[in-house]
Amino acid sequence: GAGVSQSPRYKVAKRGQDVALRCDPISGHVSLFWYQQALGQGPEFLTYFQNEAQLDKSGLPSDRFFAERPEGSVSTLKIQRTQQEDSAVYLCASSLRDRGEYSNQPQHFGDGTRLSIL
Amino acid sequence: AQRVTQPEKLLSVFKGAPVELKCNYSYSGSPELFWYVQYSRQRLQLLLRHISRESIKGFTADLNKGETSFHLKKPFAQEEDSAMYYCALKFGYNFNKFYFGSGTKLNVKP
């Protein structure tokens, strides 16, 4: 595809429900990132994959958040037992390569999924 | 702690006026800095990065390590420049994290 694709664009869930957000990165992009963007704030890092390996998940706010990328392409961010504070836009980004201190590849962002927890 | 600060939430200027969007960072090493832009109803996209020392759409940004700043400048603002601008810091030996500022909304009035 032409860019990073995220689905659904909008998701409304009741508090306590589980949700799954999908990200289709640009074909061939090794690195994949998830961000959470609260209203009026910049994106905040959640987690990072290099191919199928989750190399950094230090930004995940709680153990209710789980991300996977089993075949090194599509990624899913799952939130269990959602809370109202989980309401935000969830952004996915991919880059061609992001390894070592010599890499400076820009990240390409999707449109995001706007999650609203009632 | 690593940090990116954009002190202005909103900046309004008239068309043709100079623009400076401020960004300060906190990091002791050698960071990589970027400006991202989000136009209305569009996705976040890269505007420019300090390592390229480029000018995109008339915008430039110079890394000032002494002042730990990476301000975005344009001598003559255009209405189509109206957008949200985010300064982002990518740093560290583990080069896989971006820290974003909270963003500045630029409004260019006719």
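This report concerns the structure included in the present document. Only a predicted model underlies this, so the values are computations on that prediction, with no experimental measurement involved.

**What about the packing of aromatic side chains?**
Evaluated as defined, the whole model comprises 13 aromatic pairs over all chains. Taking the centre distance of 5.1 Å and the plane angle of 50° together, the rings of phenylalanine 34 of chain B and phenylalanine 98 of chain B count as tilted. With a gap of 64 residues between them, phenylalanine 34 of chain B in strand β5 (residues 32-38) and phenylalanine 98 of chain B in strand β10 (residues 98-100) connect regions that are remote in the sequence. Here the aromatic cluster, defined as three or more aromatic residues joined through ring pairs, consists of Phe33, Tyr35, Phe45, Tyr48 and Phe109 of chain A together with Phe34, Tyr36, Phe98 and Phe100 of chain B. Cation over ring: lysine 109 of chain B sits above phenylalanine 14 of chain B, and NZ or CZ is 4.4 Å from the ring centre.

**Brief notes about the nonpolar core**
All names here are of chain B. If you look at the biggest cluster of nonpolar residues, it comprises 24 residues, and the most contacted ones within it are Leu21, Trp35, Leu47, Leu48, Leu72, Tyr85 and Leu106. Within the residue set of this core, elements represented by two or more residues are β2 (10-14), β3 (19-21), β5, β6 (45-49), β9 (83-90) and β11 (104-109). Sorting elements by how many residues they give to this core places β9 first, with four residues. Apart from the residues within four sequence positions on either side, leucine 72 is in contact with Val19, Glu20, Leu21, Trp35, Leu47, Leu48, Phe59, Thr60, Ala61 and Tyr85.

**Quick word on the layout of surface pockets**
Taken as a whole, the largest pocket encloses approximately 820 Å³ of empty space. Together, 32 residues line the largest pocket, and Gln37, Val89 and Arg114 of chain A together with Gln38 and Tyr86 of chain B are the ones closest to its centre. Per element, the largest residue contribution to the lining of the largest pocket is four residues, and it comes from strand β11 (residues 113-117) of chain A. Its residues assigned to classes, the lining of the largest pocket comprises twelve nonpolar, 13 polar and seven charged. The computed volume of the second largest pocket comes to approximately 340 Å³. Lining of the second largest pocket is provided by 18 residues; of these, Pro43 and Glu44 of chain A together with Val4, Tyr99 and Phe100 of chain B occupy positions nearest its centre. Considered class by class, the residues forming the lining of the second largest pocket number six nonpolar, nine polar and three charged.

**Some thoughts on the sheet that holds strand β7 (residues 60-61) of chain B**
Residues and elements named next belong to chain B. Read from one edge to the other, the open sheet built from three strands follows the order β3-β8-β7, with strand pairing classed as antiparallel. Strand pairing shows two members of the sheet lacking a second neighbour, β3 and β7, which therefore form its edges. Bridge count between β3 and strand β8 (residues 72-74): three bridges; the pairing is antiparallel. Opposite valine 19, over in β8, you have lysine 74 as the bridge partner.

**As for the pairing of β11 of chain B**
Residue and element names in this part refer to chain B. Here β11 shows a clear split, with Thr104, Leu106 and Val108 buried on one side and none of Lys105, Asn107 and Lys109 buried on the other. Summarising the sheet, β2 and β11 pair through five bridges and their orientation is parallel. Its bridge partner lying in β11, leucine 10 is registered against lysine 105. Relative to β11, β9 runs antiparallel, the two sharing three bridges. Within β11, the residue paired with alanine 83 across the bridge is leucine 106.

**Let's talk about the sheet that holds strand β7 (residues 65-68) of chain A**
Strand-to-strand pairing in sheets goes through backbone hydrogen bonds, with the strands running parallel or antiparallel. Residues and elements named next belong to chain A. Pairing within the open sheet is antiparallel, and its four strands lie in the order β1-β3-β8-β7. Looking at the sheet topology across the chains shown, the edges are occupied by β1 (5-7) and β7. Pairs of neighbouring strands in the sheet enclose a mean axial angle of 15°, with direction left out of account. The pairing of strand β3 (residues 19-24) with strand β8 (residues 75-79) spans five bridges and is antiparallel.

**Concerning the state of the cysteines**
Applying the stated rule across the entire model yields two disulfides over all chains. One disulfide bridge connects cysteine 23 of chain A with cysteine 92 of chain A, the sulfur atoms lying 1.9 Å from each other. Measuring the twist about the S-S bond at about -65°, one finds the cysteine 23 of chain A-cysteine 92 of chain A disulfide to be left-handed. Of this pair, cysteine 23 of chain A sits in strand β3 while cysteine 92 of chain A sits in strand β9 (residues 88-95), and the two are 69 residues apart along the sequence. Here cysteine 23 of chain A matches cysteine 92 of chain A in class, with each residue buried. Between the sulfur atoms of cysteine 23 of chain B and its disulfide partner cysteine 87 of chain B the distance amounts to 2.0 Å.

Conventions adopted
Residues numbered from 1 in each chain as written. Chains lettered and ligands numbered in written order. Predicted model: local features only at pLDDT ≥ 70, side-chain atom pairs only at ≥ 80, totals over all residues. Heavy atoms only, no water. Phe/Tyr/Trp six-rings, centres within 6.5 Å; stacked < 30°, edge-to-face > 60°. Helix = DSSP H or I, 4+ residues; strand = E, 2+ residues; numbered from the N terminus. Lys NZ or Arg CZ within 6 Å of the ring centre and 35° of its normal. Core = buried A, V, L, I, M, F, W, Y, C linked by side-chain atoms within 4.5 Å. Buried < 20%, exposed > 50% of the residue type's maximum accessible area, 1.4 Å probe, protein only. Contact = heavy atoms within 4.5 Å. 1 Å grid on protein atoms, 1.4 Å probe; cavity = no way out; pocket = protein on both sides within 12 Å on 5 of 7 lines; lining within 4 Å. Points joined across faces, edges and corners; volume = space filled by probe spheres on them. Nonpolar A, V, L, I, M, F, W, Y, C, P; charged D, E, K, R; others polar. Pairing = 2+ DSSP bridges. Axes fitted to C-alpha atoms, helices over the stretch in contact; angles between N-to-C directions. Disulfide = S-S within 2.5 Å.

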